[in-house]
2 protein chains.
Amino acid sequence: MDSVKYTLPESKIPKSWYNIQADLRDAAPPVLHPQSKEPIGPDDLAALFPMELIKQEVSTEREIEIPGPVRDLYRQWRPTPLYRARRLEQALDTPARIYYKYEGVSPSGSHKPNTAVPQAFYNKEAGVTKLTTETGAGQWGSALSMACTFFGMECSVYMVKVSYDQKPYRRGLMESFGANVTPSPSRTTASGRAVLDEHPDSTGSLGIAISEAVEVAATSDDTNYALGSVLNHVLTHQTVIGLETMEQMAAADDEPDILIGCTGGGSNFAGMCFPYVGENLRGEKNYRVIAVEPAACPTLTKGPYAYDYGDTAHLTPIVKMHTLGSGFVPPGFHAGGLRYHGMAPLVSQLHSEGHIEAVAYDQLRTFAAGIQFAQAEGILPAPEANHAVAAAIDEALACKESGESKAILFNLCGHGQFDMQAYLDYNAGKLVAYEYPEEEVAMALSGLPSVSA
Amino acid sequence: MDSVKYTLPESKIPKSWYNIQADLRDAAPPVLHPQSKEPIGPDDLAALFPMELIKQEVSTEREIEIPGPVRDLYRQWRPTPLYRARRLEQALDTPARIYYKYEGVSPSGSHKPNTAVPQAFYNKEAGVTKLTTETGAGQWGSALSMACTFFGMECSVYMVKVSYDQKPYRRGLMESFGANVTPSPSRTTASGRAVLDEHPDSTGSLGIAISEAVEVAATSDDTNYALGSVLNHVLTHQTVIGLETMEQMAAADDEPDILIGCTGGGSNFAGMCFPYVGENLRGEKNYRVIAVEPAACPTLTKGPYAYDYGDTAHLTPIVKMHTLGSGFVPPGFHAGGLRYHGMAPLVSQLHSEGHIEAVAYDQLRTFAAGIQFAQAEGILPAPEANHAVAAAIDEALACKESGESKAILFNLCGHGQFDMQAYLDYNAGKLVAYEYPEEEVAMALSGLPSVSA
């Protein structure tokens, strides 16, 4: 039988991350201060992040060296395997060649440790002893908790209350790594108290939890903030995924025609696709690149490319991105990692310049795809990853229709073993299709900040 | 930094399993018919198993070739990584060298697919279209469900009722693989009805669930039975673990002084240790080999080596093994995979002949070890695997005491991501220590069958 798995030796873990800012046609639009609405400088971010990460945020160097201690920790689970989905191809009876990179082999089950480890490292180097963050589904909170315990740092996680109540197992994992987990909104911050005073029964949102974590970091000396997606340096750290994949595709003696990733904040999509998009930007290649988002939170396909806040309390800087409005609370579909009103500025810019496509899928279609994938390949994907699976299956079926044998590559960013309630509900026919919440989005977009830039 | 992970290329997946029956000093004691109590022949098992597996059960060939289609499916997750636990060594400040083989990278999260896949394969080859089995914690049921979907077979799982109710997520995984899951005892079998008529509120046991699955297989033409541990052929299939580890230890330029595995039915312990025990039996080496079991179900350390039934309804053959009595229902500690009254006959024989040691640990000690391991190594072990972790830590601390630098190797047979309720309870201080249930065992042992052999 032909190969199904392409592994790499530890020596092939990339020595540098790829920074797509080096290859952008236009420089990224400036980031604005939340009050003054003027462009901010490095010092404005120093209360939240160590200077090394702030430098990476604005760097236009193509390669950013991965520190030795970070590569040493990457070796716990990297290089991750690239699979040829031969049994899925057979089940679909398609001439397409389907490949997937599997990030679920990391100890916390997703791609998130790729950036959690370097973020903890740079903070530790800068003398920071404690990190705060927010988490929705819990993938990011778990990853940062693990990274902090590796470096002997404290970790405090604001977990969206609805997830805190519905996903106690993710909380159990974070606590087992020694983290302190607080349901958000909480009374531990002014942002949280303001929400609770107005809505005592608030179940929280990612935007509120970000406000709480940012507030704690901004008002304490020993504590910094860490974000699991959206920011440039986060996307850059994730490019180990795509860089490894390029080596593995070469070992497979193949090259992708189509690249696919799911998008919430944009980090796993960017991690897989940016090294390839870079080749497109430099005129070397012409890959088709598709971002897949939930129909109920369709940031790229429905949101304008506009300046907006990253959080609900408007404590974060204003960035130019595809957004549904910082006040938008997405409906309760199961892909918690995709329930964010905004999109990474770099992903947004590439989309606005026509370098990537975007499609939106309803959750029922994505769970059907996830089950079909599991029965063929054995791995039950995270609900977020099911979006990428669904698009890959549709492209493979289009090949069957046209008779073309294209190579389709997608990022399977995590496994679904912490998301079994969603699968139980889907298998029992209890999941509903969520439509695009047009009115709620229109209302949230009416609150976009007016900026002169 | 020195290596932390030893991987192998796909070409190093073993081409044969190792069958320890070739190296036993004394032949294994005969298996007896449950009614006649006379030694059984292959035909007595033909209602339950395909002939290829029955042959393996009694084979004394040292090497049993792994069929091509099985090796092809093994490639999905094999070879699994061997880790040097350098961060744990550092945390313990021990001169010991600690290694662990990690079977949690399989799609269902444990070592169980190593035998589920060949069992499904041989049944499929024999024209069987449906398999039934029992499952406690759910690791085995998940693995067999996955193997059946790979081969296009139906799978029906009797799940111990207390687990069915408390662990719906494992059921969700099995159903996602297309399996049919029934809480046991059920009214679908005579064995189940007998239990329910006497105890309508029965929460079930592994012994009862085995009776139900065996009854279904024995009374239908198209359905066979599959067992996830205990039997000789199951232990043989698991030796891929130890055979790969030998190659990896050679790559590490090291050799274990002490081998450790947790024991419920015995399959993950045997999988890691039998290839090494074989070297001992042949007089080539002198490894120390330690089986670790729960203090509340201490089959090897407290149970006699005697003939007993494998199930509650006494439908299975009678085998000679360490046993606590087929009527013994272990208390509700969290390592569900270790809650079995018996022990694999081959493991029992090796213990009775003095080739392996056994120790028993209380669950509180094992969870403390699991948390310490997770905070150092990032992987949260399954409650079963925590028993091996605890013994490895104790041996490493003994090295610290004595100043010796021994190499300690253990099998980390699965991850704990489906066992988070146990960790939540442990972290909240809600877990209790279970003592050895001496009276219940004495009562169960009074029901041992009298056999002349």
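Our subject is the structure that appears above.
Throughout what follows, the structure given in this document is the object of discussion.

Residue-level contacts link 46 residues of chain A with 46 residues of chain B. Together, the buried faces of chain A and chain B total about 4,000 Å²; carbon and sulfur atoms form 50% of this surface. It is Gln 76, Tyr 169 and Gln 417 of chain A that lose the most area in chain A upon contact with chain B, and together they represent 19% of the buried surface on that side. If you look at where chain A meets chain B, you find 24 residue pairs in polar contact (both at pLDDT 80 or more). Put simply, the parts of the chain that give the side of chain A that touches chain B at least two residues each are helix H3 (68-74), helix H6 (139-150), helix H8 (168-176), helix H16 (363-377) and helix H18 (420-427) of chain A. Per-element accounting of the side of chain A that touches chain B gives the leading share, seven residues, to H8 of chain A. Of the residues belonging to the side of chain A that touches chain B, the class tally is 23 nonpolar, 13 polar and 10 charged.

With that settled, the discussion passes to the sheet that holds strand S5 (residues 97-102) of chain A. Residue and element names in this part refer to chain A. Read from one edge of the open sheet, seven strands run S1-S4-S5-S15-S10-S11-S14, paired in mixed fashion. Edge strands, defined here as strands with exactly one partner in the open sheet, are strand S1 (5-6) and strand S14 (357-361). Both strand S10 (residues 258-262) and strand S11 (residues 288-294) contribute to a ladder of five bridges, which runs parallel. Note that in S11 the partner of Leu 259 across the bridge is Val 289. Against the sheet, helix H12 (residues 240-251) touches S1, strand S4 (82-84), S5 and strand S15 (407-412), its axis set at about 140° to S5. Here H16 sits on the sheet in contact with S4, S5, S14 and S15, set at roughly 95° to S14.

What follows is about empty space enclosed by the protein. Residues and elements named next belong to chain A. Applying the stated rule across the entire model yields four cavities of 30 Å³ or more. Quantified by volume, the largest cavity comes out at close to 430 Å³. Contributing to the lining of the largest cavity are 31 residues, with Lys 112, Trp 140, Ser 229, Gly 265 and Gly 337 lying nearest its centre. Counting residues per element, the ones that place at least two in the lining of the largest cavity are strand S6 (130-135), H6, helix H10 (206-218) and helix H13 (267-281). Among the elements that line the lining of the largest cavity, the one with the most residues is H13, at three residues. Taken together, Pro 294, Ala 295, Ala 296, Phe 333, Tyr 361, Asp 362, Gln 363, His 387 and Tyr 434 make up the lining of the second largest cavity. Partitioned by chemical class, the residues of the lining of the second largest cavity number six nonpolar, two polar and one charged.

Residues and elements named next belong to chain B. Spatial strand order, S1-S4-S5-S15-S10-S11-S14: seven strands in an open sheet with mixed pairing. Two strands in the sheet have a free side with no partner beyond their single neighbour: strand S1 (5-6) and strand S14 (357-361). Here three bridges tie strand S4 (residues 82-84) to strand S5 (residues 97-102), and the two strands are oriented antiparallel to one another. Residue pairing for S5: Arg 84 is matched across the bridge by Tyr 99.

Now for the relation of the copies chain A and chain B. The relation between the two chain copies is a rotation about an axis coupled with a shift along that axis. Screw-axis analysis of chain A against chain B gives a translation of 0.0 Å along the axis, an RMSD of 0.0 Å, and a rotation angle of 180°. Viewed as a symmetry operation, the transformation between the two copies matches a two-fold axis. Looking at the interface residues of chain A, 100% of them are also at the interface in chain B, so both copies use one shared face.

Residue and element names in this part refer to chain A. The geometry of helix H9 (residues 190-198) relative to H10 is characterised by a closest axis approach of 7 Å and an angle of 145° between their N-to-C directions. Contact with H9, carried on its side by Ala 190, Ser 191, Gly 192 and Val 195, involves Ile 208, Ser 211, Glu 212 and Glu 215 of H10 and no other residues of that element. For the contact of H9 with H10, a count of residues per class yields three nonpolar, three polar and two charged.

It is worth spelling out the pairing of S10 of chain A at this point. Residues and elements named next belong to chain A. Counting buried positions along S10 yields five of five residues, so the element is predominantly enclosed. Side chains Ile 258, Ile 260 and Cys 262 of S10 all project onto a buried face; the interleaved residues Leu 259 and Gly 261 project onto the opposite face, where all are buried too. Here S10 runs beside S15; their pairing, made up of three bridges, is parallel. Within the sheet, the bridge partner assigned to Ile 258 lies in S15 and is Ile 408.

As enumerated under the stated definition, the model contains 46 salt bridges over all chains in all. In this structure, Arg 25 of chain A and Asp 26 of chain A form a salt bridge, with 3.2 Å as the shortest nitrogen-oxygen distance. Take Arg 25 of chain A: its relative accessible area is 61%, and that puts it in the exposed class. The class for Asp 26 of chain A is partly exposed, based on a relative accessible area of 36%. In this structure, the salt-bridge partner of Arg 282 of chain B is Glu 284 of chain B, at a minimum N-O distance of 2.9 Å. Judged by relative accessible area, which is 46%, Glu 284 of chain B ranks as partly exposed. Through salt bridges with shared partners, one network takes in Asp 23, Arg 62, Arg 282 and Glu 284 of chain A.

All names here are of chain A. In total, this model carries 23 aromatic pairs over all chains according to the counting rule given. Measuring from centroid to centroid gives 5.9 Å for Tyr 74 and Trp 77, while their planes differ by 75°, and the two rings are edge-to-face. Residues Tyr 74 and Trp 77 agree in their burial class; the two are buried. Seen from their ring centres, Phe 121 and Tyr 122 are 5.3 Å apart, and the 65° between their planes marks the pair as edge-to-face. Through a chain of ring-to-ring contacts, the aromatic side chains of Tyr 83, Tyr 100, Phe 373 and Phe 410 assemble into a single cluster.

What follows covers unusual backbone geometry. Residue and element names in this part refer to chain A. With an omega of -15°, the peptide bond between Arg 78 and Pro 79 qualifies as cis. The topology assignment puts Pro 79 in the loop between H3 and S4. Positive phi, close to 55°, is recorded for Asp 253, a residue that is not glycine. Within the secondary structure, Asp 253 sits in the loop between H12 and S10.

Take helix H5 (residues 113-125) of chain B next. All names here are of chain B. Over its 13 residues, H5 runs 18 Å from end to end, which matches the ideal 18 Å to within 8%, given 1.5 Å per residue. Counted residue by residue, H5 has 11 buried out of 13 residues, so it is predominantly covered. Taken together, the buried positions of H5 are Pro 113, Asn 114, Thr 115, Ala 116, Val 117, Pro 118, Gln 119, Ala 120, Phe 121, Tyr 122 and Asn 123. With its phi angle positive at about 90°, Gly 127 sits one or two positions after the end of H5.

So, on to the side chain of Gln 76 of chain B. When you line up the elements, Gln 76 of chain B lands in the loop between helix H3 (68-74) and S4. Among the polar contacts listed, one links the side chain of Gln 76 of chain B to the backbone oxygen of Glu 377 of chain A, at a separation of 3.0 Å. In this structure Gln 76 of chain B touches Lys 5, Tyr 83, Arg 87, Tyr 100, Glu 377 and Ile 379 of chain A together with Pro 107 of chain B, once residues within four positions along its chain are discounted.

Residue and element names in this part refer to chain B. One can describe the packing of helix H6 (residues 139-150) onto helix H8 (residues 168-176) by two numbers: an axis separation of 8 Å at closest approach and a directional angle of 10°. On the basis of the axis angle, H6 is roughly parallel to H8. Along the contact surface, H6 presents Gln 139, Gly 141, Ser 142 and Ser 145, while H8 presents Arg 170, Leu 173 and Met 174. Each residue belonging to the contact of H6 with H8 can be placed in one class, and the counts come to two nonpolar, four polar and one charged.

Our next topic: the environment of Leu 315 of chain A. When you line up the elements, Leu 315 of chain A lands in the loop between strand S12 (305-309) and strand S13 (318-322). Filtering out sequence-adjacent residues up to four positions away, Leu 315 of chain A remains in contact with Pro 34, Ser 191, Ser 211, Val 214 and Glu 215 of chain A.

Criteria and cut-off values
Once a new chain begins, its residue numbering starts again from 1 and follows that chain's sequence as written. Throughout, the order in which chains and ligands are written sets their labels, letters from A for the former and numbers from 1 for the latter. In keeping with the predicted nature of the model, local features appear solely for residues at pLDDT of at least 70, side-chain atom pairs appear and are counted solely at 80 or more, and the whole-chain, interface and lining totals rest on all residues. Excluding hydrogens and water, the side-chain figures rest on all heavy atoms present in the structure. Every residue pair with non-hydrogen atoms within 4.5 Å of one another is taken to be in contact. Using a 1.4 Å probe, buried area is obtained as the accessible area two parts lose upon being combined, added over both of them. Polar contact is defined as a pair of N or O atoms within 3.5 Å, subject to the rule that within protein one atom must be able to donate a hydrogen and the other to accept it, and that residues adjacent in sequence are counted only when both atoms are side-chain atoms. Only DSSP runs of H or I covering at least 4 residues are called helices, and only runs of E covering at least 2 are called strands; the numbering of each starts at the N terminus. Classification convention: Asp, Glu, Lys, Arg as charged; Ala, Val, Leu, Ile, Met, Phe, Trp, Tyr, Cys, Pro as nonpolar; all other residues, Gly among them, as polar. Being paired, for any two strands, means DSSP has found at least two bridges between them. The angle between two axes is taken between their N-to-C directions and runs from 0 to 180 degrees, where each axis is a line fitted to C-alpha atoms and a helix contributes only its stretch in contact. Buriedness for pockets is judged along seven lines, at least five of which must meet protein on both sides within 12 Å for an open set on the 1 Å grid over protein atoms alone, while cavities are sets there where a 1.4 Å probe fits but cannot get out, and lining residues have an atom within 4 Å of a point. Grid points are joined across faces, edges and corners, and a volume is the space filled by probe spheres set on the points. Alignment of the copies relies on least squares applied to C-alpha atoms, considering only residues that score at least 70 for pLDDT in both. Only protein chains enter the accessibility calculation, which uses a 1.4 Å probe; a residue whose area is less than 20% of its type maximum is buried, one above 50% is exposed, and one in between is partly exposed. Salt bridge criterion: a side-chain nitrogen from Lys or Arg within 4 Å of a carboxyl oxygen from Asp or Glu. In summary, the pairing rule links any two rings of Phe, Tyr or Trp, Trp by its six-membered ring, whose centres are within 6.5 Å, and it sorts them by plane angle into stacked for under 30 degrees, edge-to-face for over 60 and tilted for everything else. Here the expected span of a helix is defined as 1.5 Å times the quantity of residues minus one. Relative orientations are named as follows: roughly parallel for angles under 35 degrees, roughly antiparallel for angles over 145 degrees, roughly perpendicular for angles from 65 to 115 degrees, and oblique for any other angle.

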